[in-house]
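Secondary and tertiary structure notes
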Amino acid sequence: MSHPPYSRKWFRSLKYICVTLCTTVVVLLIGVGLGYYALQDQLGRHMPASPETPESRGMPYSTIDLTASDGVRLKAWHIRPDQSKAVAVIVHGFTDDGGGKSEDFALSTAEALYRAGYASILPDLRSFGESEGEHVSITVEEWKDVLAAYMYVRALPEYKNKKIGFIGDSMG
């Protein structure tokens with residue numbers, strides 16, 4: 001009499017593993033769905049800018065226009081000390097009260113860099129502040145905005161031989 005190649009214990013273990021994996025996948029899908037549903041109200045609108053500017057923190061700046069690769073028009077601030085050592089693109093995060101480039105994280109970081117002799121670019125990502133857009137995609141589309149800021153910096157002669165850094169918060 002021949003023995004089956006797999007024992008009952010093996011089949012029970014396989015069944016346990018399959019049930020555990022299926023349960024984990026279902027729980028993850030429900031969690032992602034609930035998270036998206038909870039954020040849908042925030043993601044489906046343009047996020048307002050706060051009134052603070054670099055000038056209110058003693059930093060001279062200029063407002064620049066950028067265009068993302070898909071044609072979305074963006075606004076950004078260019079903060080530069082007299083002699084900049086390098087330049088950083090500071091990317092704001094997602095907050096339910098908006099903010100964009102004028103949120104505290106972005107401005108505080110730019111201020112610290114400015115005081116240390118570094119220039120910075122603070123873009124309003126699409127659907128934030130002064131930039132175009134009607135919904136936030138939480139990085140699905142916003143990477144194009146960061147790329148537009150990078151391309152702007154690369155095109156400026158004053159940064160030709162300078163290092164370019166990126167600093168982000170949350171989705172930034």
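Here goes a summary of the coordinates provided. (Residues numbered from 1 in each chain as written. Predicted model: local features only at pLDDT ≥ 70, side-chain atom pairs only at ≥ 80, totals over all residues. Heavy atoms only, no water.)

**Thoughts on the overall build of the protein**
Stated formally: In DSSP terms, a helix is any run of H or I states spanning at least four residues, a strand is any run of E spanning at least two, and both are numbered starting from the N terminus. Computed with a 1.4 Å probe, the accessible areas rest on the Shrake-Rupley method; for each residue, only the protein chains presented here act as cover.
Check the secondary structure of the protein and you find three helices and five strands. Reading the protein from its N end, one meets helices and strands in the order α-β-β-β-α-β-α-β. Surface summary for the protein: the accessible area is close to 10,500 Å², and the carbon and sulfur share equals 60%.

**Section: the packing of aromatic side chains**
Cut-off, in case you're wondering: Aromatic rings from Phe, Tyr and Trp, with only the six-membered ring used for Trp, were paired whenever their centres fell within 6.5 Å, and each pair was classed as stacked if the ring planes differed by under 30 degrees, edge-to-face if by over 60, and tilted otherwise. Burial status follows relative accessibility: with a 1.4 Å probe on protein chains alone, a residue under 20% of its type maximum counts as buried, one over 50% as exposed, and anything between as partly exposed.
The tally for this structure, following the rule as stated, stands at two aromatic pairs. Aromatic side chains Tyr150 and Phe166 sit 5.9 Å apart centroid to centroid with 35° between the ring planes, which places their arrangement in the tilted category. Of this pair, Tyr150 sits in helix H3 (residues 143–155) while Phe166 sits in strand S5 (residues 164–168); the two residues are 16 residues apart in sequence, bridging distant segments of the chain. A relative accessible area of 46% means that Phe166 is categorised as partly exposed.

**Some remarks on the environment of Glu134**
Along the chain, Glu134 falls in the loop between strand S4 (119–123) and H3. Residues Glu134 and Met47, spaced 87 residues apart in sequence, show a C-alpha to C-alpha distance of 8.5 Å.

**Let's talk about the pattern of salt bridges**
Selection criterion: In the sections that follow, a salt bridge refers to a side-chain nitrogen of Lys or Arg positioned within 4 Å of a carboxyl oxygen of Asp or Glu.
Inspection of the entire model under this criterion finds nine salt bridges. A salt bridge links Arg80 to Glu158, with the nearest nitrogen and oxygen atoms 3.4 Å apart. In this pair, Arg80 sits in the loop between strand S2 (73–79) and strand S3 (87–91) while Glu158 sits in the loop between H3 and S5, placing the two residues 78 residues apart along the sequence. Using a relative accessible area of 32% as the deciding quantity, one classes Arg80 as partly exposed. Overall, Glu158 belongs to the partly exposed group, its relative accessible area being 36%.

**Here we look at the sheet that holds S2**
Short version of the rule: Only strands joined by at least two bridges in the DSSP assignment are considered to pair. In this description, a line fitted to the C-alpha atoms serves as the axis of each element, helices being fitted only across the stretch in contact, and the angle between N-to-C directions of two axes falls anywhere from 0 to 180 degrees. The contact rule is simple, with two residues in contact once any of their heavy atoms fall within 4.5 Å.
Overall, mixed pairing links the five strands, which are arranged S1-S2-S4-S3-S5 in an open sheet. Of all the strands in the sheet, just strand S1 (61–67) and S5 have a single pairing partner and so form its edges. Strand after strand, the sheet turns through a mean of 25° between neighbouring axes, direction not considered. Alignment of S3 against S5, held across five bridges, turns out to be parallel. Bridge pairing in S5 places Ile90 opposite Ile167. Across the sheet, helix H2 (residues 104–115) touches S2, S3, S4 and S5, and the angle it forms with S3 is around 170°.

**A look at the side chain of Asp124**
Where we set the bar: Identification of polar contacts relies on pairs of N or O atoms within 3.5 Å, with a donor-acceptor requirement for protein atoms, meaning one able to donate a hydrogen and the other able to accept it, and with residues adjacent in sequence counted only if both atoms are side-chain atoms.
Among the secondary structure elements, Asp124 is positioned in the loop between S4 and H3. You can call Asp124 buried: its relative accessible area is 0%. Of note is the side chain of Asp124, whose polar atom sits 2.9 Å from the backbone nitrogen of Glu130.

**Here we look at H2**
To keep things clear, this is the line we draw: For a helix, the expected span equals 1.5 Å multiplied by the number of residues minus one. In this context, the arc is that of the directions from the helix axis out to the C-beta atoms.
For H2, which comprises twelve residues, the first-to-last C-alpha distance of 16 Å matches the rise-based estimate of 16 Å (1.5 Å per residue) to within 8%. Taken as a whole, H2 has its buried residues at Ala106, Leu107, Thr109, Ala110, Leu113 and Tyr114. The arc enclosing the buried residues of H2, seen along the axis, measures out at 165°, which places them on a common side. The elements touched by buried residues of H2 are S2, S3, S4 and S5. Two residues or fewer after H2 comes Gly117, characterised by a positive phi angle close to 95°.

**Some remarks on the pairing of S2**
In the case of a regular strand, side chains alternate between the two sheet surfaces. For S2, the tally of buried residues reaches five of seven residues, placing the bulk of the element in the interior. As paired strands, S1 and S2 are joined by seven bridges and run antiparallel to one another. Within S2, the position partnered with Asp65 by the bridge is Lys75. Here S1 hands over to S2 after five residues, with Gly71 in that stretch at a positive phi of 90°. The pairing of S2 with S4 spans four bridges and is classified as antiparallel. Directly across from Ala76, in S4, lies its bridge partner Pro123.

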